[in-house]
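What the coordinates show
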Amino acid sequence: QAATGGRKDGPPDIGELVEKARGIANQTAGSPTFAQNNSLSQESSFLSQVVYFQENAAEIQRKIEVALGPHLADENFKDFVSAMPVAAMHYYLEHEDSIKTPSWKRRMHRFTPAIGLDLVAELNEALVLSELSYADTVEQVKDGLEVLSGTANEESDGKGDKPEWELLFCDTESRPNKPSHFLAMQKNASRYDDTLHVLMVVRGTKSIGDLITDVMMQPADYECVASDGRTVAGQAHDGIIESGRYLFLRHQKLLSTLLSLSKKRKLDITLIGHSLGAGAATIAAMEYNSGQLQDLGDVKVDARVVGFGCPALLSRELSRATEDFVTTVVADSDVIPRMSGATLGNLILDVSDFDYKEQAERDVEQALLHVKSSLTGSDGGKSIFRIDDADVSKIMSYVKRGLGNVATSTSQIETKGDDQRLEPILYPPGRCIHLYRDGIGISGSYVPCTFFNEIDVARTMFDDHLISSGYRRIFLAMMRDFHKDDHFSFSSKGFNY
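Note that the structure is a prediction, hence the values are computed from the model and not measured.

Focus on the overall build of the protein chain
Counting secondary structure elements, the protein chain contains 18 helices and ten strands. Residues counted as buried form 52% of the 497 residues belonging to the protein chain. In the protein chain, once contacts between residues fewer than 6 apart in sequence are set aside, the share between residues at least 24 apart is 76%. Carbon and sulfur atoms make up 49% of the accessible area of the protein chain, which totals about 23100 Å².

A word on the sheet that holds strand 6 (residues 266-274)
Within the open sheet, the eight strands sit side by side as 1-2-3-6-7-8-9-10. Their pairing is mixed. The open sheet has two edge strands with one neighbour each: strand 1 (165-171) and strand 10 (442-447). The average angle at which neighbouring strand axes cross in this sheet is 15°, direction not considered. As paired strands, strand 1 and strand 2 (residues 181-186) are joined by six bridges and run antiparallel to one another. Across the sheet, Cys 170 pairs through a bridge with Phe 182, a residue of strand 2. Along the sheet face, helix 11 (residues 238-250) touches strand 1, strand 2 and strand 3 (195-202) and points at about 40° away from the line of strand 2. Running at roughly 165° to strand 7 (residues 300-308), helix 13 (residues 276-289) makes contact with strand 3, strand 6, strand 7 and strand 8 (326-331) of the sheet.

Details of the pairing of strand 6
Most of strand 6 is tucked away, with eight of its nine residues classed as buried. Of the strand pairs in this sheet, strand 6 and strand 7 are connected by nine bridges, and their pairing is parallel. Residue pairing for strand 7: His 274 is matched across the bridge by Phe 308.

Let's talk about unusual backbone geometry
Excluding glycine, a negative phi dihedral is what most residues carry, and trans is how most peptide bonds are arranged. Even without being a glycine, Asp 332 presents a positive backbone phi close to 40°. Mapped onto the elements of the fold, Asp 332 is located in the loop between strand 8 and helix 15 (341-353). For Asp 332, a relative accessible area of 2% corresponds to the buried category. A positive phi is found at Lys 484, a non-glycine position, where the angle reads about 55°. Within the secondary structure, Lys 484 is located in the segment after helix 18 (467-483).

As for the layout of surface pockets
Approximately 760 Å³ is the volume found for the largest pocket. Together, 36 residues line the largest pocket, and Glu 122, Ala 126, Thr 270, Ile 272 and Arg 304 are the ones closest to its centre. Residue assignment for the lining of the largest pocket shows that the elements contributing at least two residues are helix 8 (117-132), helix 9 (138-155), strand 3, strand 6, strand 7, strand 8 and strand 9 (431-437). Considering each element in turn, the lining of the largest pocket owes the most residues, six residues, to helix 8. For the lining of the largest pocket, the per-class residue count stands at 19 nonpolar, seven polar and ten charged.

A closer look at the side chain of Ser 133
With respect to the helices and strands, the residue Ser 133 is situated in the loop between helix 8 and helix 9. Given a relative accessible area of 4%, Ser 133 falls into the buried group. Apart from residues no more than four positions distant in its own chain, Ser 133 is found in contact with Ser 180, Phe 182, Val 201, Val 202 and Arg 203.

Notes on helix 15
Taking 1.5 Å of rise per residue, 13 residues should cover 18 Å, and helix 15 covers 18 Å from first to last C-alpha, within 8% of that figure. Buried residues dominate helix 15, accounting for eleven of its 13 residues. When helix 15 is considered as a whole, its buried residues turn out to be Gly 341, Ala 342, Thr 343, Leu 344, Gly 345, Asn 346, Leu 347, Ile 348, Leu 349, Val 351 and Ser 352.

Considering the environment of Ile 387
By the secondary structure assignment, Ile 387 is in the loop between helix 16 (357-374) and helix 17 (389-409). On a C-alpha basis, the gap between Ile 387 and Leu 368 in space is 8.7 Å, while along the polypeptide they are 19 residues apart.

Concerning empty space enclosed by the protein
Tallying each qualifying case throughout the model produces three cavities of 30 Å³ or more. Counting only elements with at least two residues in the lining of the second largest cavity, the list comes to helix 9 and strand 1. Looking at the lining of the second largest cavity, its residues break down into three nonpolar, no polar and four charged.

Let's talk about the side chain of Lys 264
Topologically, Lys 264 is positioned in the loop between helix 12 (252-262) and strand 6. Here Lys 264 sits buried without a salt bridge, and the closest side chain of opposite charge, Asp 193, lies 5.7 Å off (N-O distance). A polar contact is formed between the side chain of Lys 264 and the backbone oxygen of Asp 193, at a distance of 2.5 Å. Lys 264 has contacts with Ser 190, Arg 191, Asp 193, Asp 194, Thr 195, Leu 196, Leu 259 and Val 299, leaving out every residue within four places of it along the chain.

Brief notes about the pattern of salt bridges
As enumerated under the stated definition, the model contains 19 salt bridges in all. Put simply, Lys 162 and Glu 125 hold a salt bridge, and the shortest N to O gap is 3.1 Å. Here Lys 162, found in the loop between helix 9 and strand 1, pairs with Glu 125, found in helix 8; they are 37 residues apart in sequence, far enough to count as distant. What makes Glu 125 partly exposed here is its relative accessible area of 26%. Residues Asp 268 and Arg 304 are paired through a salt bridge, measuring 3.1 Å at the closest nitrogen-oxygen approach. In this pair, Asp 268 is assigned in strand 6 and Arg 304 in strand 7, connecting sequence segments 36 residues apart. Connected through shared salt-bridge partners, Glu 96, Lys 100, Glu 454 and Asp 456 make up one network.

About the criteria used
- Think of each chain on its own: its residues are numbered from 1, step by step along the sequence as written.
- Note on the predicted model: pLDDT of at least 70 is required for a residue's local features to be given, and 80 or more for side-chain atom pairs to be given and counted; whole-chain, interface and lining totals, by contrast, use all residues.
- No hydrogens and no water enter the side-chain calculation; it runs on all heavy atoms of the structure.
- Strands here mean DSSP runs of E at least two residues long; helices mean DSSP runs of H or I at least four residues long; both are numbered from the N terminus.
- Think of it in three bands: residues with accessible area under 20% of the maximum for their type are buried, residues over 50% are exposed, and the middle band is partly exposed, with areas taken using a 1.4 Å probe on protein chains only.
- Note on definitions: a residue-residue contact is assigned when non-hydrogen atoms from the two residues lie within 4.5 Å.
- All accessible areas in this document rest on Shrake-Rupley with a 1.4 Å probe, and a residue is counted as covered only by the protein chains that are shown.
- Only when DSSP finds a minimum of two bridges between them are two strands counted as paired.
- Helix axes are fitted to C-alpha atoms over the stretch in contact, other axes to C-alpha atoms as well, and angles between N-to-C directions run from 0 to 180 degrees.
- Residues are called lining when one of their atoms sits within 4 Å of a cavity or pocket point, these points coming from a 1 Å grid over the protein atoms alone, where a cavity is a set in which a 1.4 Å probe fits but cannot get out and a pocket is an open set with protein on both sides within 12 Å along at least five of seven lines.
- Grid points are joined across faces, edges and corners, and a volume is the space filled by probe spheres set on the points.
- For this classification, the nonpolar set comprises Ala, Val, Leu, Ile, Met, Phe, Trp, Tyr, Cys and Pro, the charged set comprises Asp, Glu, Lys and Arg, and every other residue, Gly included, is treated as polar.
- To estimate how far a helix should reach, multiply one less than its number of residues by 1.5 Å.
- For this count, His and the chain ends are skipped, Lys and Arg are scored as positive, and Asp and Glu as negative.
- In the sections that follow, a salt bridge refers to a side-chain nitrogen of Lys or Arg positioned within 4 Å of a carboxyl oxygen of Asp or Glu.
- Residues adjacent in sequence count toward polar contacts only when both atoms are side-chain atoms; beyond that, a polar contact is any pair of N or O atoms within 3.5 Å, and within protein one must be able to donate a hydrogen and the other to accept it.

Spelled out as structure tokens, the structure:
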């Protein structure tokens with residue numbers, strides 16, 4: 001055949017396979033597309049996200065009401081999200097800070113197995129690839145893969161120990177339920193290896209605001225085939241199911257043709273993603289491993305996932321069924337793996353129940369005493385503007401009265417029934433790794449998916465979700481502590497897209 005260059009008895013050259021694959025990809029999708037440049041970097045501060053919640057209160061509240069169902073009295077819950085003052089969340093954050101200390105975190109991980117430091121280097125390789133998926137152009141993705149291939153070649157001294165990837169397909173534009181992603185094939189695998197090695201990297205949402213709205217989808221019925229052949233039924237994130245199935249169906253013809261041309265007997269597909277991309281990659285892998293890939297005959301398919309900051313995606317039984325092939329990494333207080341309708345509703349109830357009057361009175365009084373002190377002359381006399389103890393007391397009486405009214409207006413949620421909090425339905429998928437600040441450095445442990453059953457209100461809860469300020473920084477901190485080298489850096493650098 002022409003595709004095999006006349007070698008009827010041997011597999012085709014990798015270059016021929018790549019050209020054939022690109023032709024198939026272009027036939028089914030047209031030319032690779034470009035993405036809009038929307039950055040997360042300006043939207044990650046804690047208070048800016050509180051403001052975001054208020055500005056988008058109607059949509060968020062609608063989804064919370066659906067999640068909370070009959071547990072709340074609608075007349076009391078109406079407009080609560082938009083009415084909740086920023087101060088309430090600010091003081092609740094201070095309260096959580098006082099509880100969730102490094103000692104508290106160590107205690108929570110006391111009986112969880114620690115991860116090995118060698119795993120961190122492997123995870124960083126996947127993290128760099130996930131960051132590459134945020135590139136704005138196809139050329140950037142292609143150049144990035146070439147840079148990584150050069151690094152792999154240098155580290156392995158040309159022995160081909162580390163995979164080098166050749167780009168087959170790239171779509172840099174995300175559309176509803178059709179996430180941006182790229183597909184690559186290992187180009188330094190032996191031509192006589194009976195396995196076709198494929199890489200799929202899926203991009204997450206580029207806007208924190210959109211991400212918060214996206215993760216508030218409702219669960220839908222879903223099932224998968226576990227590694228032992230059992231069919232496991234449960235629920236999964238409705239919107240991400242569609243995205244994952246799109247990825248699975250999108251490249252069936254391409255993969256089937258590649259397997260046929262290469263005469264490979266196995267398909268090893270590694271899926272990597274960050275944020276919503278990790279969720280879509282997980283669903284796609286579940287579809288691949290369920291044996292639903294068409295026209296493959298007796299070809300064995302093995303799909304594995306490495307995800308960073310994956311949203312709450314699967315019900316408990318489904319999450320456990322994916323532990324053999326899905327690894328989910330969560331950076332300390334990352335809010336996205338913990339966020340669902342139930343956990344956000346529970347957080348709102350917690351904030352509404354929190355009495356912050358004492359902390360607010362403390363701050364106002366501290367400010368008044370500072371003003372009083374600053375208006376006192378250097379000789380101990382008073383300036384023309386006088387504030388004495390009586391003035392402070394009078395002002396504080398008004399403050400206390402006003403704070404009482406505010407607290408009353410934000411504490412009117414009533415529940416129907418004795419149980420005021422909801423049990424989450426969805427959790428992060430697979431085998432979960434939690435990297436956390438332990439007071440000295442960074443530690444990492446394997447934890448069950450149910451470890452992330454509530455939102456961890458912390459000052460870094462949004463920054464921890466990002467690659468640059470969250471995952472990459474934590475990986476570097478772990479390795480620098482281990483090597484006792486403040487200048488340590490990974491050979492595979494990030495791309496800052």
